[in-house]
Amino acid sequence: MTVYFFQSRSMDGLAGDRVWRVEAEKGQQATVLLADGTKVRLNAESSLSYRQNYGIKDREVELKGEGFFEVAKEEEKPFIVRTSLLDVEVLGTVFNVYAYDCEEIVEMSLISGRIKVMTHTDPVQTVYLKPNEKILYNKESGNLEVISTDHRFETAWLRGELVFRSVELRQVLRHLERTYGVTIHWEDPDILQDKFIGIFYSDRISDVLRILREHYTFSYRMEGEEVFITTIP
């Protein structure tokens, strides 16, 4: 976990303008406990930013990547999560946000309570989620969809599980890179569009590669944090 500290030159000397950023680096996770008792768990390659005076006048944070939020309830101060494309507003609830810059879809799933989700682009779209519902926001089309989900699936990463339900292999590999802190080079780009279904439990990338090898015929070698995969004809 890495913690950064910033201060705006235009507001030099005002403590409230100082910004803290907590980062979970590749292959790591991090936990942040905010001043009001709100707890945030960050997945790999994610960051949470907030001002030093958080909780005094408002409760706003900025998320990049994936975070699991357990928000302390304060009726007079809504808790707001800002991402590059969507904002989430709550009073006290538990939810998961998946908003990596490199992914085409932004996801927000509600575990308990109630949240309001608002898009940044015109026309602004606003939806309210109930428990075991999630929104899927397509960055390219601007389409916002609400679907049913299972909170056990949405929070699998908190238990050290990687769950994939019919997603492209290229997306699976991106998850593996973030989780295990590696860079994967796959020789055959065509196969990366294949859909994959499966669950990984191991904390070792070598175990996951052996499982993948049961679905796809390939050989691999590891050089430090680099994984090279060659398809076998």
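A. A look at the confidence of the model for the chain. Across the chain, the average pLDDT comes to 88, with 93% of residues at 70 or higher. Averaged over each element, pLDDT in the chain is lowest for strand β1 (residues 2–6) (45) and highest for strand β6 (residues 59–70) (97). Here residues 3–14 is modelled with pLDDT under 50, and outside its nearest four sequence neighbours on either side it reaches 21 contacts, counting other chains as well.

B. Region of interest: the side chain of Arg 178. Position of Arg 178 among the secondary structure elements: in helix α2 (residues 169–180). The exposure class of Arg 178 is buried, given its relative accessible area of 4%. In contact with Arg 178, not counting residues within four places along its chain, are Lys 26, Gly 27, Ala 44, Glu 45, Tyr 98, Tyr 100, Cys 102 and Glu 103.

C. Summary view of the pattern of salt bridges. Inspection of every chain in the model, using the stated rule, returns 16 salt bridges. Note that Arg 21 is salt-bridged to Glu 23, the shortest N-O span being 3.1 Å. Close ionic contact of Glu 103 with Arg 178 constitutes a salt bridge, the shortest N to O distance being 3.5 Å. With Glu 103 in the loop between β9 (94–99) and β10 (105–112) and Arg 178 in helix α2, the pair connects residues that are 75 residues apart, well separated along the chain. Both residues of the pair, Glu 103 and Arg 178, belong to the buried class. Several salt bridges share partner residues, and in doing so they unite Glu 60, Arg 82 and Asp 87 into one network.

D. Region of interest: the environment of Gly 160. Within the secondary structure, Gly 160 sits in the loop between α1 (151–154) and β15 (162–168). For Gly 160, a relative accessible area of 40% gives the class partly exposed. In sequence terms Gly 160 and Tyr 201 are 41 residues apart; their C-alpha atoms lie 6.4 Å from each other. In this view, Gly 160 contacts Phe 200 and Tyr 201; residues no more than four positions away in its chain are not counted.

E. Region of the structure containing the pairing of strand β18 (residues 218–223). Pairing of β18 with strand β19 (residues 226–231), which is carried by six bridges, proceeds in the antiparallel orientation. Residue pairing for β19: Glu 223 is matched across the bridge by Glu 226. Counting the residues between successive antiparallel strands, the hairpin from β18 to β19 contains two residues, one of them, Gly 224, with a positive phi of roughly 65°.

F. Expanded view of unusual backbone geometry. Note that the residue after Asp 122, namely Pro 123, is joined by a cis bond; omega there is -5°. Among the secondary structure elements, Pro 123 is positioned in the loop between β11 (115–119) and β12 (126–129). Even without being a glycine, Asn 132 presents a positive backbone phi close to 65°. Its identity as a non-glycine residue notwithstanding, Ser 166 has a phi of 55°, on the positive side. On the secondary structure map, Ser 166 appears in strand β15.

Cut-offs used in this document
Residues numbered from 1 in each chain as written. Predicted model: local features only at pLDDT ≥ 70, side-chain atom pairs only at ≥ 80, totals over all residues. Heavy atoms only, no water. pLDDT = per-residue confidence, 0-100. Helix = DSSP H or I, 4+ residues; strand = E, 2+ residues; numbered from the N terminus. Contact = heavy atoms within 4.5 Å. Buried < 20%, exposed > 50% of the residue type's maximum accessible area, 1.4 Å probe, protein only. Salt bridge = Lys/Arg side-chain N within 4 Å of Asp/Glu carboxyl O. Pairing = 2+ DSSP bridges.

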